[in-house]
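# Observations on the three-dimensional arrangement
Now for the letters of each chain:
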Number of protein chains: 2
Amino acid sequence: MVFKVTVNSAWRATRTLWLLVLVSLSVCICVCRASSPQEDSAMENIVTEKKAEESHRQDSADLLIFILLLTLTILTIWLFKHRRFRFLHETGLAMIYGLLVGVVLRYGIHVPRDISNVTLGCPVNASPATLLINISGKYYEYTLKGEINANEVDNVQDNEMLRKVTFDPEVFFNILLPPIIFHAGYSLKRRHFFRNMGSILAYAFLGTVISCFVIGLLMYGCVMLMKKVGQLGGDFFFTDCLFFGAIVSATDPVTVLAIFNELQVDVDLYALLFGESVLNDAVALVLSSSIVAYQPQGDNSHTFEGMAMLKSFGIFLGVFSGSFALGVATGVVTALVTKFTKLRDFQLLETALFFLMSWSTFLLAEACGFTGVVAVLFCGITQAHYTFNNLSPDSQDRTKQLFELLNFLAENFIFSYMGLTLFTFQNHVFNPMFIVGAFVAVFLGRAANIYPLSFLLNLGRRNKIRSNFQHMMMFAGLRGAMTFALSIRDTATYARQMMFSTTLLVVFFTVWICGGGTTQMLSCQRIRVGVDSDQDNSMSITEGPERRSTKQESAWLFRIWYNFDHNYLKPILTHSGPPLTATLPPCCGPLARFLTSPQAYENECQLKDDDSDLILTDGDINLTYGDITVSTDGSGAHTSGGTAFAGAATSDDLDRELTYGDHELVMRGTRLVLPMDDSEPPFTDPHHGLRM
Amino acid sequence: MVFKVTVNSAWRATRTLWLLVLVSLSVCICVCRASSPQEDSAMENIVTEKKAEESHRQDSADLLIFILLLTLTILTIWLFKHRRFRFLHETGLAMIYGLLVGVVLRYGIHVPRDISNVTLGCPVNASPATLLINISGKYYEYTLKGEINANEVDNVQDNEMLRKVTFDPEVFFNILLPPIIFHAGYSLKRRHFFRNMGSILAYAFLGTVISCFVIGLLMYGCVMLMKKVGQLGGDFFFTDCLFFGAIVSATDPVTVLAIFNELQVDVDLYALLFGESVLNDAVALVLSSSIVAYQPQGDNSHTFEGMAMLKSFGIFLGVFSGSFALGVATGVVTALVTKFTKLRDFQLLETALFFLMSWSTFLLAEACGFTGVVAVLFCGITQAHYTFNNLSPDSQDRTKQLFELLNFLAENFIFSYMGLTLFTFQNHVFNPMFIVGAFVAVFLGRAANIYPLSFLLNLGRRNKIRSNFQHMMMFAGLRGAMTFALSIRDTATYARQMMFSTTLLVVFFTVWICGGGTTQMLSCQRIRVGVDSDQDNSMSITEGPERRSTKQESAWLFRIWYNFDHNYLKPILTHSGPPLTATLPPCCGPLARFLTSPQAYENECQLKDDDSDLILTDGDINLTYGDITVSTDGSGAHTSGGTAFAGAATSDDLDRELTYGDHELVMRGTRLVLPMDDSEPPFTDPHHGLRM
């Protein structure tokens, strides 16, 4: 009797799990089969309705495959986590399941040729977005789906089933990537991000461009070689090579960061990698669209031309800054709305507003011709930095959890789709030479990004990026969702098809091999783990002289930003910060009083907590405050040392602080912070400051 | 100086709000304008790409309109809630904003005729789902969108803009309704629902069918009259009338229930209304599709035919029970998965799994040809009743909040779209006679549902549905999202267009007038408010003799269900309930031990809490347990009085209980429950029960 075996609960769970896996897969495949053309005797005479219904059923079944795939992935992830099995991350797993289902769909299911696809040879000159067709007196509306290669026409009719599980690539950019990118911005660990801002920006902007051009040049060499050997089956221009360079430069170390998080790896390394990967997605996206926009005039459309190059560069700048501005703008609007209304009393409304405003960023950017995904990234960062502080605690949790869930679902969906598409995509061009060339180029491109830039940055940083960090960053350059989405966006030409197939292999390799080897690499490079991110400052002191001060690096950038943010932006957009009446010049008095929230006067103690994620130590805020004499006159307006004074004081404090040793500063920070909590807020009547 | 005026914070907030409202609306309309055909010099030579991009921009702008509308709605709702203004619910408000934007889109924006829409007159006989068109050597793929009336062809070309903001009606059924309906099921107040189950089922099934036929017959009379007077501009068959009856029978008292919730109206009334409206959506949906499926054979396709009628009835039963079974099945699978895995340690995975499984219900039902929305409803109820108990507390919150948010967004989206469509829909047929007839019919149909059924139910109920409750139920028969979605699903014929326009007016009227007058109606009918739903039993005692016992009503249904659920379903699907080893016959011993979770033995005290939402008083569980002697032998298996005995005991206890007075029972319930919390669970080793 099978039940007589002694089983423990984990084994029982495993058995149940695999039972479910089998049942789900068989259901999934049965449904696929069942949904292929079927008899439905009820509505025989209405052909179009039946067609539409059939198509809807098929769509539901296709989507169901993915949902069940995700469910399986979740169950297996749980099993892995339960057993502390770290060699395969959930994304790698999703790809494997996708591969398996792809094989089944490709070879296991045969759908008879659908004879009702008709090819028309009508004498039309344009291809309008909407087409009205008069079929025996009735008008039918058709919408344009896209152009199809002449040699694909047979495929289209043959493999309706496979084409059905192939999503419109724009789905990635319009539905799946936005939540992923927003979540990345929203969950950026801001303290460490801002501390390493200079280096992150260098890696993300300069590094991505370097990587793009290095890979592009190498691939051009490879393609030239292939042409000579006679292995090239179609056109492959230099712009194509550059485009390939741009798309494979978008790193996505989601696997690595998940392990970093779990093992609590050094926060600076985490910040560098996370910041770089978040921003370089945006850079690579805009870069690739500028490369596509490179269109020299005249007949010879693939030569170098200065004007076209400049124009591409202009497009890059315009699109990037436009998306940036839009993203920040909607973030700011959300912050203002949540600040000046009492929405926090109704958490559902607050969460819904937050969600809608963040989504509208994307739509607004797309409607204006900018890049929605980039806008959403900067919107996420702004929301986290300002709006988040205005939300009620309940909404803070809700929004975090909501975007965490959306991110999780979208990410796993993309990765399982990636696995699936290796078998279901019908125009793969696997060229061994190109693939080998691409792997070499990707490796060298990443190296040309990390090592030279790290060397240059180390000249300016006091907290050097050590060589083991550099090796780890090199190793952690996985390619993921963004690379895939960019490469599948356009697979019309031979060059693009070859790129797509190669990109898929690059993603598979990096996610499985580099992602799976993260723990080994960490121990091999002797990178310390188990670092509590809140205590790293004090820990770094005990570690050695080269980590003693994290202050000087990007000091000028940081100082400017910090002063501006702390004195003006935070008070305008949140309830915390110094009252604007104290920081703005006196001529702006009425405006300052209008914008300053009554809580700002009360919150002067609380603001340390809000701000502490931004600044190096908590000491300097207190110093700033210590120097401003806040007094009130009869009208309730604040008089202080004035803006110039306040600003100067802050700079002085920062300077003074930067000359101190780290150890002393931390001590001072802790010493100075604590007594402030007992100090009385200057006002207790919230309306007091508004009357004049 | 404007800032010198003394303002309080609420006023300032209001001002900021309206400023934002204005800015948003102008942005929204600017974007609409900006997105109409524009110059984009970069890609002049690629016509299709530009077209696709243009179309994408337009889509983004259209969606943006709705997002901004929702944002405005949220802000205004906040203002209303802030001021405790109850005359207009958020859904009514969303409609008003939708109306305003509809007016602007219709009359304010003029888009030049898009000349690139081409009407082809090709000699094709069929209308395939996919069309390949060979345009000067290149192949373009087109997908079928639907049939268009011959007289609309000009409109299509004229009002591209208005047609763009018109969604595919299937969006409602596939995207917007599922979360609404799932949320309804998931948030059903189960205790009061099950207590009134008999009445609710009567109102939902019998009542909806009565209402459908009464309205159908009245409308048929009205249509006949119109034909005589010469006011009918097209065909209008009896099946059309019945179809109209079915769609306007779906009540959606979301406004009323929101106010009920806020004012804490009598829980029985709440349960009756909520249960009825949730279930009758499902009934009306399946009913309407069975009416559409009514297709007598032969030429004369609009006469009565017995076989076709029977077939329609069969379709109704088949689709309803199939959807029910699928919904319950996926709920049960989710419960089993969450019971037997330790997913609760990873809340994100748990929530994601819950979400995906619930979604897969919908897709599975649609793929199998059943009704996804109905399946989702029963899935929601099952998830709430079983799976919810297996989730970690964190996931319980997350899933509740997630579906609350989705429900909120979808609901407000539908209502604002409803407002918009009054002006943007292009084939309205407003016929005064039909409209007046419809209002009368809707009123009489509702009356024919509520009053006769209440009379019949009161014959069997000991807790009578009093006449003021009946009037309130009559008044609360608002029409909402489901009615709208059903009526917009098919607007191809003259009859359907007239129905759609009339339905819109019915929805507007009921939501604004009936929804807005709820508070007045409540006080007018002297229905008590401020009832704490957990204490209503004790309150009913003090109220009067006619409310003393709520027990006898639906006693047989309730007793059967309760015994089965408590003895078998709960122990199988959750960690609570009596161990299956005690309730199943001894021959099923191994299976019972396999299915019983180790916690079940420990949770015997805890299960009172889980179950208390189901049963009338907590006393009977304790009695059941008091009678079963739970003892353990060496192998850890439970021996008890045996199933037959346990079952009999439960029945006896229920009987005994039903003869007691309410007051005594409540007392006894409280007295008996408390000491049990101190009793030791029989097992402490979770694995003990598994070894044999």
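The number of helices and strands found in chain A is 29 helices and five strands. Evaluated residue by residue, chain A yields a buried proportion of 59% over its 692 residues. Looking at chain A alone, contacts between residues at least 24 apart form 80% of all its contacts between residues at least 6 apart.

Residues and elements named next belong to chain A. As enumerated under the stated definition, the model contains 64 aromatic pairs over all chains in all. Judged by centre distance (4.4 Å) and plane angle (40 degrees), the ring pair of phenylalanine 182 and phenylalanine 403 falls under tilted. One end of the pair, phenylalanine 182, is in helix H6 (residues 170-186); the other, phenylalanine 403, is in helix H15 (residues 393-424), with 221 residues separating them in the sequence. Residues phenylalanine 182 and phenylalanine 403 agree in their burial class; the two are buried. Taken together, the aromatic side chains of Phe66, Phe167, Phe172, Phe413, Tyr417, Phe425, Phe484 and Phe500 make up a single cluster linked through ring pairs. Taking the ring centre of phenylalanine 173 as reference, the NZ or CZ of arginine 489 above it sits at 3.8 Å.

Spanning 23 residues, helix H19 (residues 494-516) of chain A covers 32 Å between terminal C-alpha atoms, matching the ideal 33 Å at 1.5 Å per step. For H19 of chain A, a buried count of 18 out of 23 residues is recorded, marking the element as mostly surrounded by other parts of the structure.

All names here are of chain B. With respect to the helices, strands and loops of the structure, proline 432 is situated in helix H16 (residues 432-460). For proline 432, a relative accessible area of 56% puts it in the exposed group. As a C-alpha pair, proline 432 and threonine 502 span 70 residues in sequence and 9.2 Å in three-dimensional space.

All names here are of chain A. Taken together, the side chains of Leu218, Val436, Val440, Phe443 and Leu444 define a hydrophobic patch exposed on the protein surface, amounting to about 450 Å² of accessible area. For the nonpolar patch, the element with the most residues is helix H16 (residues 432-460), which contributes four residues. When you line up the elements, leucine 218 lands in helix H8 (residues 197-229).

Turn by turn, an α-helix covers 3.6 residues, leaving residues three or four places apart pointing in a common direction. All names here are of chain A. With 33 residues, H8 ought to run about 48 Å at 1.5 Å a step, and its terminal C-alpha atoms sit 46 Å apart, in line with that. A maximum bend of about 35 degrees is found in H8 at glycine 207. Residue glycine 230 follows H8 closely and has a positive phi angle near 85 degrees.

So, on to the pattern of salt bridges. Under the definition given, this model contains twelve salt bridges over all chains. Between arginine 398 of chain B and glutamate 404 of chain A there is a salt bridge, with its nearest N and O atoms 3.4 Å apart. Of the two residues, arginine 398 of chain B sits in helix H15 (residues 393-424) while glutamate 404 of chain A sits in helix H15, which places them in two different chains. The buried category is assigned to arginine 398 of chain B, whose relative accessible area is 11%. Between arginine 446 of chain B and glutamate 276 of chain B there is a salt bridge, with its nearest N and O atoms 2.9 Å apart. With arginine 446 of chain B in helix H16 and glutamate 276 of chain B in helix H11 (residues 267-292), the pair connects residues that are 170 residues apart, well separated along the chain. Among the residues examined, arginine 446 of chain B registers a relative accessible area of 4% and is labelled buried. Residue classification places glutamate 276 of chain B among the buried residues on the basis of a relative accessible area of 0%. Salt bridges here are not isolated pairs; linked through shared partners, they connect Asp394 and Arg398 of chain A together with Glu404 of chain B.

The next thing to look at is the nonpolar core. Core analysis: the biggest nonpolar cluster contains 305 residues, and Phe260 of chain A together with Phe260 of chain B have the highest contact counts within it. With near-sequence residues (within four places) excluded, phenylalanine 260 of chain A lies in contact with Val265, Leu269, Tyr270, Leu273, Met472, Thr518 and Leu522 of chain A.

Note that predicted coordinates carrying low pLDDT should not be read in detail. All names here are of chain A. Averaged over all residues, the pLDDT of chain A equals 74, while 66% of them reach at least 70. Here residues 31-45 scores under 50 on pLDDT; set against residues more than four positions off or in separate chains, the count is 30 contacts. This model gives residues 605-692 a pLDDT under 50, and the stretch forms 148 contacts once residues within four places in sequence are excluded. At the level of chain-chain contacts, confidence expressed as ipTM amounts to 0.78, with global pTM at 0.79.

This brings us to unusual backbone geometry. Among all residues save glycine, negative phi is the norm, and among peptide bonds the norm is trans. Residue and element names in this part refer to chain A. Phi is positive for glutamine 264, close to 55 degrees, though the residue is something other than glycine. Along the chain, glutamine 264 falls in the loop between helix H10 (254-263) and helix H11 (267-292). The exposure class assigned to glutamine 264 is partly exposed, which follows from its relative accessible area of 39%.

Turning our eyes to something else, we now look at the packing of H11 of chain A against helix H12 (residues 306-340) of chain A. All names here are of chain A. Contact geometry for H11 and H12: axes closest at 9 Å, N-to-C directions at 140 degrees. Between H11 and H12, the angle is such that the two are oblique. For H11 against H12, the interelement crossing comes out right-handed. For the pair formed by H11 and H12, the contact residues are Ala282, Val283, Val286, Leu287 and Ser290 on the first element and Ser312, Ile315, Phe316, Val319 and Phe320 on the second. Of the residues assigned to the contact of H11 with H12, the class counts are eight nonpolar, two polar and no charged.

Calculation rules
Residues numbered from 1 in each chain as written. Chains lettered and ligands numbered in written order. Predicted model: local features only at pLDDT ≥ 70, side-chain atom pairs only at ≥ 80, totals over all residues. Heavy atoms only, no water. Helix = DSSP H or I, 4+ residues; strand = E, 2+ residues; numbered from the N terminus. Buried < 20%, exposed > 50% of the residue type's maximum accessible area, 1.4 Å probe, protein only. Contact = heavy atoms within 4.5 Å. Phe/Tyr/Trp six-rings, centres within 6.5 Å; stacked < 30°, edge-to-face > 60°. Lys NZ or Arg CZ within 6 Å of the ring centre and 35° of its normal. Expected span 1.5 Å × (residues − 1). Patch = residues over 30% accessible without salt bridge, like charges linked within 9 Å, V, L, I, M, F, W, Y side chains within 5 Å. Areas by Shrake-Rupley, 256 points an atom, 1.4 Å probe, with all protein chains shown as cover. Salt bridge = Lys/Arg side-chain N within 4 Å of Asp/Glu carboxyl O. Bend = angle between axes of the 7 residues up to and from the residue. Core = buried A, V, L, I, M, F, W, Y, C linked by side-chain atoms within 4.5 Å. pLDDT = per-residue confidence, 0-100. Axes fitted to C-alpha atoms, helices over the stretch in contact; angles between N-to-C directions. Parallel < 35°, antiparallel > 145°, perpendicular 65-115°, else oblique. Left-handed = near helix turned anticlockwise from the far one by under 90°. Nonpolar A, V, L, I, M, F, W, Y, C, P; charged D, E, K, R; others polar.

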